[in-house]
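The chain contents come next:
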Amino acid sequence: MAKEQRPETAPPRAADRIRRSARNLFYHQGIRAVGVDAIVAEAGVTKPSLYRTFASKDELAAAYLRDYEVEFWRRFDASVDAHPGDPRAQILAYFNGLAQRAATTPDYRGCGLTNACIEYPERDHPARRVSVANKRQVRERLVDMARRMGARDPEMLGDGLQLLMEGAYASSQLLGEGGPTRHLVDAATRLIDACVDK
């Protein structure tokens, strides 16, 4: 009896290896700190391979952040989907996941989109444009969630929730597992309670 043959798994394309390597290096070391030489060395490709896919390091950085944004929305939307029609539970679920990631993920570096905004103060930089667009969309979503919770001032509550989110990204890098992020869900709960009539 002939042995069943399994299809060969194709090795990742050069462009995929470049994206994966850039994501790892940019997230853990910072975009400005990582040169093209380090990316091609980790990806096992040549510089011409990189420049055939990405016109510049800046464009590669923007692609990394677009990929990162997809991951962000996947996590955020999973929290929303887990609690249909309950925006309070949705945001608290996201914050609970964020607090857990910050406490348990080795070499956690917060939000790659936030980090890129800090690295690139130039408003027209491709990486900053991706990051700022994401943060504006997050703000809109949080204000909408606050409105659906019945907040007296939805913009204030939405902004407060975003400040807690961004604070968690930063403080987790500075103070680690025992830092303020361990109180993120409780702080968000109290803020919501203070802004929403029962």
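Refer to the structure printed above.
Residues numbered from 1 in each chain as written. Predicted model: local features only at pLDDT ≥ 70, side-chain atom pairs only at ≥ 80, totals over all residues. Heavy atoms only, no water.

**A word on the overall build of the chain**
Heads up, the rule is: Numbered from the N terminus, helices here are DSSP runs of H or I no shorter than four residues, and strands are runs of E no shorter than two. Each residue is assigned to one of three classes by its accessible area relative to the maximum for its type, calculated with a 1.4 Å probe on protein chains only: buried under 20%, partly exposed between the two thresholds, exposed over 50%. Working rule for contacts: check all heavy atoms of both residues, and any pair within 4.5 Å makes them a contact. Shrake-Rupley sampling with a 1.4 Å probe provides the accessible areas, and residues are treated as covered by the protein chains on show and by no other component. Working convention for charge: Lys and Arg count positive, Asp and Glu count negative, and His plus the chain ends are omitted. In plain terms, the charge of a residue is placed at NZ if it is Lys, CZ if Arg, CG if Asp and CD if Glu.
Looking only at helices and strands, the chain features 9 helices and 0 strands. With the C-alpha coordinates aligned to their principal axes, the bounding extent of the chain is approximately 65 × 60 × 30 Å. Sorting the 198 residues of the chain into buried and exposed places 44% on the buried side. Taking as baseline every contact in the chain between residues at least 6 positions apart, the subset at least 24 positions apart corresponds to 65%. Of the roughly 11,200 Å² of accessible surface on the chain, a fraction of 52% belongs to carbon and sulfur atoms. When the 30 basic and 27 acidic side-chain charges of the chain are each reduced to a single mean position, those positions are 2 Å apart.

**Thoughts on the packing of aromatic side chains**
As a reminder of what qualifies: In summary, the pairing rule links any two rings of Phe, Tyr or Trp, Trp by its six-membered ring, whose centres are within 6.5 Å, and it sorts them by plane angle into stacked for under 30 degrees, edge-to-face for over 60 and tilted for everything else.
For the coordinates displayed, the defined rule picks out 9 aromatic pairs. Geometrically, the ring pair formed by Y27 and Y68 is stacked, given 6.0 Å between the ring centres and 20° between the ring planes. Of this pair, Y27 sits in helix 1 (residues 14-29) while Y68 sits in helix 4 (residues 57-82), and the two are 41 residues apart along the sequence. Across this residue pair, the class does not change: Y27 and Y68 are buried. Each ring, one from W73 and one from F76, has its centre 5.4 Å from the other, and the planes form 80°; the classification is edge-to-face. Placement of both W73 and F76 in helix 4 is noted, with a separation of 3 residues, approximately one turn of the helix. Of the residues examined, W73 reaches a relative accessible area of 12% and is grouped as buried.

**Brief notes about unusual backbone geometry**
One non-glycine residue, D107, adopts positive backbone phi at about 60°. Checked against the element boundaries, D107 lands in the loop between helix 5 (87-104) and helix 6 (112-119). Owing to a relative accessible area of 59%, D107 belongs among the exposed residues under this scheme.

**A closer look at the packing of helix 1 against helix 4**
Let me state the cut-off plainly: Between the N-to-C directions of two axes lies an angle of 0 to 180 degrees, each axis being a line fitted to C-alpha atoms and, for a helix, fitted only over the stretch in contact. Any angle from 65 to 115 degrees is called roughly perpendicular, while one under 35 is roughly parallel, one over 145 is roughly antiparallel, and all others are oblique. Following the grouping adopted for this structure description, the nonpolar residues are Ala, Val, Leu, Ile, Met, Phe, Trp, Tyr, Cys and Pro, the charged ones are Asp, Glu, Lys and Arg, and the polar ones are all others, Gly among them.
Between helix 1 and helix 4, whose axes approach to 10 Å, the crossing angle comes to 85°. On the basis of their axis angle, the class for helix 1 and helix 4 is roughly perpendicular. Of the residues in helix 4, those touching helix 1 at I18, R19, A22, R23, F26 and Y27 are K57, L60, A61, A63, Y64, D67, Y68 and E71. Classifying every residue of the contact of helix 1 with helix 4 gives 9 nonpolar, no polar and 5 charged.

**What to know about the nonpolar core**
Filter applied, for reference: Here, nonpolar core means buried Ala, Val, Leu, Ile, Met, Phe, Trp, Tyr and Cys residues that are tied together by side-chain atoms lying within 4.5 Å of each other.
Of all hydrophobic cores here, the largest spans 54 residues; its most connected members are F76, I91 and M165. Residue assignment for this core shows that the elements contributing at least two residues are helix 1, helix 2 (36-43), helix 4, helix 5, helix 6, helix 7 (126-149), helix 8 (154-175) and helix 9 (184-195). With 11 residues, the single largest contributor to this core is helix 4. The residues touching I91, leaving out its near neighbours within four places in the chain, are F76, L142, M145, M149, L161, M165 and I192.

**Quick notes on the packing of helix 4 against helix 5**
Helix packing for two helices is described by the angle between their axes and how far apart those axes are. For clarity, the cut-off: Should the near helix be turned counterclockwise from the far one by less than a right angle, the crossing is left-handed, whereas a clockwise turn marks it as right-handed.
As a packed pair, helix 4 and helix 5 sit with axes 7 Å apart at the nearest point and diverge in direction by 130°. Viewed along their axes, helix 4 and helix 5 adopt a mutual orientation that is oblique. Crossing geometry of helix 4 relative to helix 5 is assigned as right-handed. Counted together, F72, R75, F76, S79 and V80 of helix 4 and Q90, I91, A93, Y94 and R101 of helix 5 form the full contact between these two elements. Its residues assigned to classes, the contact of helix 4 with helix 5 shows 6 nonpolar, 2 polar and 2 charged.

**Concerning helix 9**
Applied cut-off: In a helix, the anticipated span is given by 1.5 Å times the number of residues less one. The arc in question is formed by the directions pointing from the helix axis toward the C-beta atoms.
End to end, helix 9 covers 17 Å across 12 residues, agreeing with the expected 16 Å (1.5 Å per residue, within 8%). For helix 9, the set of buried residues is L184, A188, T189, I192 and C195. Viewed end-on, helix 9 has its buried residues packed into an arc of 135°, placing them on one side of the element. Pointing more than 90 degrees away from the buried face of helix 9 are the exposed residues R190 and A194. Buried residues along helix 9 sit in contact with helix 5, helix 7 and helix 8.

**Thoughts on the pattern of salt bridges**
Which entries qualify depends on this criterion: Every case where a carboxyl oxygen of Asp or Glu lies within 4 Å of a side-chain nitrogen of Lys or Arg is listed as a salt bridge.
One pass over the structure, following the stated rule, counts 12 salt bridges. The partner of D193 in a salt bridge is R88, with the nearest N and O atoms 2.8 Å apart. Of this pair, D193 sits in helix 9 while R88 sits in helix 5, and the two are 105 residues apart along the sequence. Under the relative-accessibility criterion, D193 is labelled partly exposed at 29%.

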